[in-house]
Amino acid sequence: MSTDIESLNKDAAAGDTLPAAKLHVLQLEPIKEKIGDRWPRMSLLVHTLFEKALRHAQGPQDHFIKVGELSYVVTFHGSTPEEAAIACAGIAR
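All values derive from a computational prediction rather than experimental measurement.

A. Geometry of the packing of aromatic side chains. With the rule as written, the count across this model stands at two aromatic pairs. Judged by centre distance (5.0 Å) and plane angle (40°), the rings of Phe50 and Tyr72 are tilted. On the criterion of sequence distance, the pair formed by Phe50 in helix α3 (residues 39–57) and Tyr72 in strand β3 (residues 71–75) is long-range, its members being 22 residues apart. For Phe50, a relative accessible area of 7% gives the class buried. Plain terms: the ring middles of Phe64 and Tyr72 are 6.0 Å apart, the flat faces sit at 55° to each other, and that makes the pair tilted. Classification of Phe64 as buried rests on a relative accessible area of 4%. Overall, the relative accessible area of 0% leaves Tyr72 in the buried class. Grouped by ring-pair contacts, the aromatic residues Phe50, Phe64 and Tyr72 constitute a single cluster.

What follows is the structure, given as structure tokens:
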């Protein structure tokens, strides 16, 4: 997984704030349930495709980090809360 945590930490250190509406938690639990018993074999592919969709939807100042097995925390720095919500809905599909 390729995340830019160092850059995220630099932003925080510089005093930048991110409105909570631009910070989203995306869950893979519905996908895991749909895949069922095949999840152990398919999880790497699912994560790879999910992260590819995240990179495609995010801008250069946006970040994501995997938290646990089934969650991602995602930022949309240059987007309105509505645009970020639409992006998350598209990624989830």
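B. Fine view of the nonpolar core. Judged by nonpolar contacts, the single largest core of 16 residues is most densely connected at Leu26, Phe50, Leu54, Tyr72, Val74 and Phe76. Of all the elements in the fold, those that place two or more residues in this core are α3, β3 and α4 (81–92). Among all residues touching Val74, those that are not within four sequence positions of it are Lys22, Leu23, His24, Leu26, Leu54, Gln58, His63 and Phe64.

C. The arrangement of the pattern of salt bridges in detail. If you walk through the whole model with that rule in mind, you get one salt bridge. The salt bridge partner of Glu51 is Arg55, with a shortest N-O separation of 3.8 Å. Here Glu51 pairs with Arg55, and both are found in helix α3, just four residues apart, close to one helical turn.

D. Fine view of the pairing of β3. Counting buried residues in β3 gives four out of five residues, a clear majority hidden from the surface. Bridge analysis of strand β1 (residues 23–27) against β3 gives five bridges, and the strand direction is antiparallel. When the sheet's bridge partners are listed, Gln27 is paired in β3 with Ser71. What sits between the antiparallel neighbours strand β2 (residues 64–67) and β3 is a turn of three residues, in which Gly68 has the positive phi angle 75°.

E. Representation of the sheet that holds β3 within the structure. Read across the open sheet, the three strands follow the order β1-β3-β2; overall the sheet is antiparallel. Each of the sheet's edge strands pairs with one partner strand only, and the pair in question is β1 and β2. Sheet twist, expressed as the average angle between the axes of neighbouring strands with direction ignored, equals 20°. Contacting β1, β2 and β3, α3 runs over the sheet at an angle of about 10° to β3.

The rules behind these values
Residues numbered from 1 in each chain as written. Predicted model: local features only at pLDDT ≥ 70, side-chain atom pairs only at ≥ 80, totals over all residues. Heavy atoms only, no water. Phe/Tyr/Trp six-rings, centres within 6.5 Å; stacked < 30°, edge-to-face > 60°. Helix = DSSP H or I, 4+ residues; strand = E, 2+ residues; numbered from the N terminus. Buried < 20%, exposed > 50% of the residue type's maximum accessible area, 1.4 Å probe, protein only. Core = buried A, V, L, I, M, F, W, Y, C linked by side-chain atoms within 4.5 Å. Contact = heavy atoms within 4.5 Å. Salt bridge = Lys/Arg side-chain N within 4 Å of Asp/Glu carboxyl O. Pairing = 2+ DSSP bridges. Axes fitted to C-alpha atoms, helices over the stretch in contact; angles between N-to-C directions.

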